[in-house]
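Structural features, examined
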Amino acid sequence: MANNPFTPGIAAGRLPSGALDRNFADLHPPFDRHEALVAADRCYFCHDAPCVTACPTTIDIPLFIRQIATGTPEAAARTIFDQNILGGMCARACPTETLCEEACVREVAEGRPVEIGRLQRFATDTMMARDGHPYARADQTGKRIAVVGAGPAGLACAHRLAMHGHEVVVFDSRQRPGGLNEYGIASYKTVDEFAQAEVEWLLGIGGIKVAQDTRLSDGLDLEALIGDHDAVFLGIGLAGVNALRIEGADLQGVDDAVAFIANLRQAEDLSSLAIGRNVVVVGGGMTAIDAAVQSRLLGAENVAIVYRRGRDRMTASRYEQDLAASKGVRIVTHARPVRVIGDGTVQEVEFEYTRDGASGLEDAGETFRLAADQVFKAIGQTLEGAPDALQIEGGKIKVDESGRTSIPGVWAGGDCASGGDDLTVTAVAEGRDAAEDIHNAILAGKENVNETPRPGNEPG
Amino acid sequence: MANLACEFVGIRSPNPFWLASAPPTDKEYNVRRAFEAGWGGVVWKTLGEEGPPIVNVNGPRYGAVWGADRRLLGLNNIELITDRPLETNLQEIKTVKRDYPDRAVVVSLMVPCVEDAWKAILPLVEDTGADGIELNFGCPHGMSERGMGSAVGQVPDYIEMVTRWCKQNTRMPVIVKLTPNITDIRYPARASKAGGADAVSLINTVSSITSVNLDTYSPEPSIDGKGTHGGFCGPAVKPIALNMVAQIARDPESEGLPISGIGGVTTWRDAAEFLTLGAGNVQVCTAVMTYGFKIVQEMISGLGDWMDEKGHASVDDVVGRAVPNFTDWQYLNLNYVTKARIDQDLCIGCGRCFAACEDTSHQAIAINPGRKFEVIDEECVACNLCVNVCPVEDCITMEELAPGVVDPRTGQEVVADYGNWTTHPNNPGTCAAE
């Protein structure tokens with residue numbers, strides 16, 4: 001092996017493959033049965049449990065944990081999937097430390113919450129390891145719904161609609177379905193092609209067709225979709241990225257963090273992925289953390305996250321920040337990039353220190369430079385490719401509580417829709433709730449409008 | 001440090017911790033190791049009469065009930081008395097007693113209910129130099145079907161008869177081991193005393209089925225698809241044992257009868273509780289079957305430290321201290337009024353107190369804004385359920401209302417004087433107070 005962490009510039013194969021395998025193994029290895037029982041036993045089965053309130057999909061957490069504790073992990077999985085059909089990915093990707101586990105009374109009591117995420121994974125993995133799909137479809141309604149985007153929102157919406165007996169077509173712009181589950185989550189959170197396995201399992205309900213490599217405004221037309229279907233759901237995510245509007249931002253080696261993360265997820269061989277010796281990540285969210293940590297795991301010698309405000313303002317959780325630090329990522333706060341320096345390719349980034357002034361962030365009057373062979377921009381994503389006819393609010397498609405957009409017959413959810421917090425689990429909740437609203441809306445006036453089939457194993 | 005040395009029916013031991021007659025005391029190898037670990041005495045696993053040895057099942061002998069993390073809460077067994085030749089056991093008892101003269105060695109016996117059988121075995125045991133005998137009238141499985149064990153312990157007349165035979169035919173102290181599988185434990189104890197017993201020991205195991213295999217529909221432990229009832233022991237039976245020990249200790253008819261306390265003794269604290277309720281020493285089995293002989297070190301240090309803290313110089317100082325406080329319901333003070341109090345600083349907001357009270361009790365806990373759980377004094381009957389389901393120690397306590405304070409539930413002032421059911425106006429049998 002020719003390269004190592006000290007190899008100058010951008011190079012592949014900085015670490016031997018064994019080290020790469022170890023680095024990209026499961027961040028939180030699955031519980032075995034006994035570990036799950038012990039972890040489940042710590043749950044107090046709270047009344048009106050705070051963890052449930054904290055879960056965007058309102059999973060009945062105490063119930064599913066009790067079902068694990070009593071030796072019925074598949075019943076636990078049904079409790080989870082009833083609320084969140086992507087409960088398997090959420091068990092892996094959710095920032096539980098700021099959701100259910102932060103609310104856990106044992107976190108309050110002893111600083112060590114019930115490990116809800118890992119328990120959820122134990123339950124969902126157990127059921128998904130079985131043959132077949134646990135839900136049956138209601139009698140076919142003859143209604144057809146178009147879902148644009150096969151990410152968490154679109155998939156959750158499609159599944160719930162299929163369960164209600166509708167026919168669903170999911171249009172997706174990428175090569176593989178899954179959206180950010182497939183392209184956006186750090187590899188060590190979802191190993192072994194879990195995202196694809198989950199999509200395949202979800203589609204097992206039947207009644208859902210997926211059309212890959214099809215995008216709005218490029219062969220797909222919203223008006224035509226409305227015309228051909230009884231309803232349309234848009235779960236198109238945020239396909240654009242914010243630009244770094246500073247000198248040198250176009251130098252070679254200045255890349256989008258989301259593209260880097262996506263490439264990493266799609267890589268067959270991690271040793272073929274090139275990474276800089278010195279990597280600088282600009283931003284303060286989960287994307288910044290994921291890009292920085294994975295840069296280190298690929299063998300970059302020096303990786304720094306630089307964020308313009310203080311740590312408390314970073315949208316990445318404290319847990320994620322600590323994870324990055326534990327992997328050797330340096331976190332620099334109160335600094336904003338002012339110039340990328342290089343000769344064709346990036347060599348350094350110059351930053352200006354900032355401070356919180358009376359009228360917002362202001363320059364502190366001192367600059368510094370960080371050596372950089374590679375710069376990852378993680379300063380936010382933007383809505384792209386949304387049909388012009390839609391009303392936009394705060395850079396996102398405006399929706400009401402049920403996910404209805406400004407156009408009748410069109411719903412939206414997930415990152416592309418207003419409100420929400422750009423989490424997988426929130427996208428699932430929005431997709432699911434929009435599906436229920438679509439179901440009620442298109443069956444309005446019919447006798448069976450309120451007849452909601454109960455999720456379960458019974459034959460359709 | 002407090003002196004833990006004991007003398008129980010004339011038998012001395014360096015501490016009150018004996019091993020009960022059970023698998024751990026079935027042979028010399030085990031008993032030597034137990035003594036080396038620090039056990040004060042043993043009751044040797046029950047010997048039967050001379051002849052072909054007992055046969056045990058060749059499948060599982062134990063069933064279990066587990067708590068969190070597979071903590072063993074209760075153990076059930078279908079093992080019989082010793083299945084080793086009588087001569088082997090006698091020889092080993094003799095050797096062990098010779099080598100450990102300061103430890104108590106008591107021999108458990110179970111032979112058929114005929115005087116000759118007892119007459120035959122008693123001299124053999126006496127010859128070993130053992131300190132005493134324990135009559136196994138407790139074993140509820142296997143041997144009871146053959147008219148021994150609990151089959152005797154369930155008939156006070158038989159207890160008295162066999163006890164008397166033994167007293168008449170040996171100089172050794174006779175301890176009668178009682179079965180809990182009866183209605184009122186005082187009758188077997190009285191019968192033991194009437195027969196001349198030097199002491200009783202209790203409880204033996206509780207008849208039980210620990211679980212059913214839901215695939216094979218066989219009770220556990222399963223022997224080729226069938227199960228039988230076994231004897232249940234371990235921490236789960238301790239409350240049953242404490243009550244039975246205490247009932248005998250306060251029964252005027254068996255007053256002064258020494259008691260060896262058995263049943264779920266797992267820690268020094270359990271042992272101390274048995275002692276305070278009238279046991280002169282304790283016998284342990286399940287705890288050592290779970291953790292090994294070493295636990296006696298914790299028992300010795302824990303009991304000693306507690307006795308020092310309380311100023312008790314000897315075990316005798318402790319024995320029976322709680323018995324005067326064990327009374328009948330009718331003598332409990334009905335003028336003692338308490339209310340649950342929730343310490344908001346300790347409360348972690350789980351709401352278990354609310355669920356328990358709201359769903360199953362008196363609707364006396366409110367969820368106030370901010371998930372603040374507070375007691376509604378107007379409804380609280382002080383049942384203690386909230387205390388018991390709260391996962392945080394000392395978070396909920398029962399606070400006594402001072403005399404003169406009005407109980408918001410009843411609208412009555414708390415009375416300073418003691419008053420019980422026997423004098424309560426609602427009691428149809430109340431005699432008018434003078």
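In this text, all values refer to a predicted model and were calculated from it rather than measured experimentally.

Before going further, it helps to examine the overall build of chain B. Along its length, chain B carries 13 helices and 20 strands. The C-alpha radius of gyration of chain B comes to 25 Å, within 12% of the 22 Å expected for a compact globule of 434 residues. A buried classification covers 51% of the 434 residues belonging to chain B. Here chain B has roughly 19,900 Å² of accessible surface; of this, 50% comes from carbon and sulfur atoms. Taking the average location of the 35 positive side-chain charges in chain B and that of its 55 negative ones, the two points are 5 Å from each other.

Let us look at the domain arrangement of chain A. Interfaces are often described in size by the accessible area the parts lose on coming together. Residue and element names in this part refer to chain A. Along its sequence, chain A is carved into domain 1 (33–128), domain 2 (144–239 + 383–451) and domain 3 (242–381). Domain 2 puts 15 residues into the contact, and the matching count from domain 3 is 13 residues. Interface area lost by domain 2 to domain 3 is led by Tyr-183, Ser-187 and Tyr-188, which between them contribute 43%. Summed over the shared surface of domain 2 and domain 3, the number is three salt bridges. Between Lys-189 and Asp-290 there is a salt bridge, with its nearest N and O atoms 3.7 Å apart. Counting across the interface, domain 2 meets domain 3 through eight residue pairs in polar contact (both at pLDDT 80 or more). For the side of domain 2 that touches domain 3, the element with the most residues is helix 11 (residues 180–183), which contributes four residues. Taken together, the residues that form the side of domain 2 that touches domain 3 break down as eight nonpolar, four polar and three charged.

On to helix 12 (residues 194–203) of chain A, then. Helix 12 of chain A sits mainly inside the fold: seven of its 10 residues count as buried. Taken together, the buried positions of helix 12 of chain A are occupied by Phe-194, Ala-195, Gln-196, Glu-198, Val-199, Trp-201 and Leu-202 of chain A.

The interface is formed by 13 residues belonging to chain A together with 13 residues belonging to chain B. Of the roughly 990 Å² buried between chain A and chain B, counting both surfaces, carbon and sulfur atoms make up 65%. Three residues, His-34, Tyr-44 and His-47 of chain A, lead the burial of chain A against chain B; their summed loss comes to 52% of the area buried on that side. Across the contact surface, chain A and chain B share zero salt bridges. Here chain A and chain B share five residue pairs in polar contact (both at pLDDT 80 or more) between them. Looking at the side of chain A that touches chain B, the elements with two or more residues in it are helix 2 (33–41) and helix 8 (105–110) of chain A. Grouping the constituent residues of the side of chain A that touches chain B by class yields nine nonpolar, two polar and two charged.

Okay, unusual backbone geometry next. In this chain, Leu-202 of chain B is followed by Ile-203 of chain B through a cis amide linkage whose omega measures 10°. Locating Ile-203 of chain B in the fold gives a position in the loop between strand 10 (199–202) and strand 11 (206–208). Of the consecutive residues Glu-220 of chain B and Pro-221 of chain B, the connecting peptide bond is found in the cis state with omega at -5°. Mapping Pro-221 of chain B onto the fold places it in the loop between strand 13 (218–220) and strand 14 (230–233). Despite not being glycine, Thr-58 of chain A shows a phi value in the positive range, around 55°. Topologically, Thr-58 of chain A is positioned in the loop between helix 3 (50–54) and helix 4 (61–69). With relative accessibility at 40%, the residue Thr-58 of chain A sits in the partly exposed group.

This part is about the sheet that holds strand 10 of chain B. All names here are of chain B. One closed barrel holds the eight strands; their spatial order is 3-4-7-8-9-10-15-16, and the pairing between them is parallel. Geometrically, the sheet is characterised by an average inter-axis angle of 25° between neighbouring strands, direction not taken into account. Note: strand 9 (residues 174–178) against strand 10, three bridges, orientation parallel. The partner of Ile-175 across the bridge, within strand 10, is Ala-199. Most of the contacts of helix 3 (residues 115–126) go to strand 7 (residues 104–109), to which it runs at about 160°, and overall it touches strand 4 (41–47), strand 7 and strand 8 (132–137). With respect to the sheet, helix 8 (residues 268–276) is in contact with strand 3 (17–19), strand 15 (259–262) and strand 16 (281–284), its orientation differing from that of strand 16 by roughly 135°.

Looking now at the sheet that holds strand 21 (residues 410–412) of chain A. Residues and elements named next belong to chain A. Overall, parallel pairing links the five strands, which are arranged 4-3-2-7-21 in an open sheet. Strands with a single pairing partner mark the edges of an open sheet, and in this sheet they are strand 4 (208–211) and strand 21. Along the sheet, successive strands turn relative to each other by an average axial angle of 20°, direction set aside. Bridge analysis of strand 3 (residues 167–171) against strand 4 gives four bridges, and the strand direction is parallel. Paired with Val-169 across the strands is Lys-209, a residue of strand 4. Where helix 10 (residues 152–163) meets the sheet, it contacts strand 2 (144–148), strand 3, strand 4 and strand 7 (231–234), and its direction lies at approximately 165° from that of strand 2.

The rules behind these values
- Throughout, residues of each chain are indexed from 1 in the direction in which the sequence is written.
- To read the labels, note that chains go from A and ligands from 1, taken in the order they are written.
- Predicted model: local features are reported for residues with pLDDT of at least 70 only, side-chain atom pairs are reported and counted for 80 or more only, and whole-chain, interface and lining totals are derived from all residues.
- Excluding hydrogens and water, the side-chain values take into account all heavy atoms of the structure.
- Only DSSP runs of H or I reaching four residues or more are called helices, and only runs of E reaching two or more are called strands; each is numbered from the N terminus.
- The globule rule used for comparison is 2.2 Å times the number of residues to the exponent 0.38, while the radius of gyration itself is calculated over C-alpha atoms.
- Only protein chains enter the accessibility calculation, which uses a 1.4 Å probe. A residue is then buried if its area is under 20% of the maximum for its type, exposed if over 50%, and partly exposed in between.
- Using a 1.4 Å probe, accessible areas were evaluated by the Shrake-Rupley method; residue-level cover was limited to the displayed protein chains.
- In summary, the charge assignment counts Lys and Arg as positive and Asp and Glu as negative, without counting His or the chain termini.
- For this purpose, a charge sits on NZ of Lys, CZ of Arg, CG of Asp or CD of Glu.
- The source of the domain bounds is an automatic or database domain assignment.
- Whether two residues touch is decided by their heavy atoms; if any such pair falls within 4.5 Å, the residues are in contact.
- Buried area: the accessible area, evaluated with a 1.4 Å probe, that two parts lose upon being put together, summed over both parts.
- When a carboxyl oxygen of Asp or Glu is within 4 Å of a side-chain nitrogen of Lys or Arg, the pair counts as a salt bridge.
- Two N or O atoms count as a polar contact when they lie within 3.5 Å, although within protein this holds only if one can serve as hydrogen donor and the other as acceptor, and sequence-adjacent residues are included solely when both atoms are side-chain atoms.
- When residues are grouped by polarity, Ala, Val, Leu, Ile, Met, Phe, Trp, Tyr, Cys and Pro land in nonpolar, Asp, Glu, Lys and Arg in charged, and all others, Gly among them, in polar.
- Two strands qualify as a pair provided that DSSP identifies no fewer than 2 bridges between them.
- Between the N-to-C directions of two axes lies an angle of 0 to 180 degrees, each axis being a line fitted to C-alpha atoms and, for a helix, fitted only over the stretch in contact.

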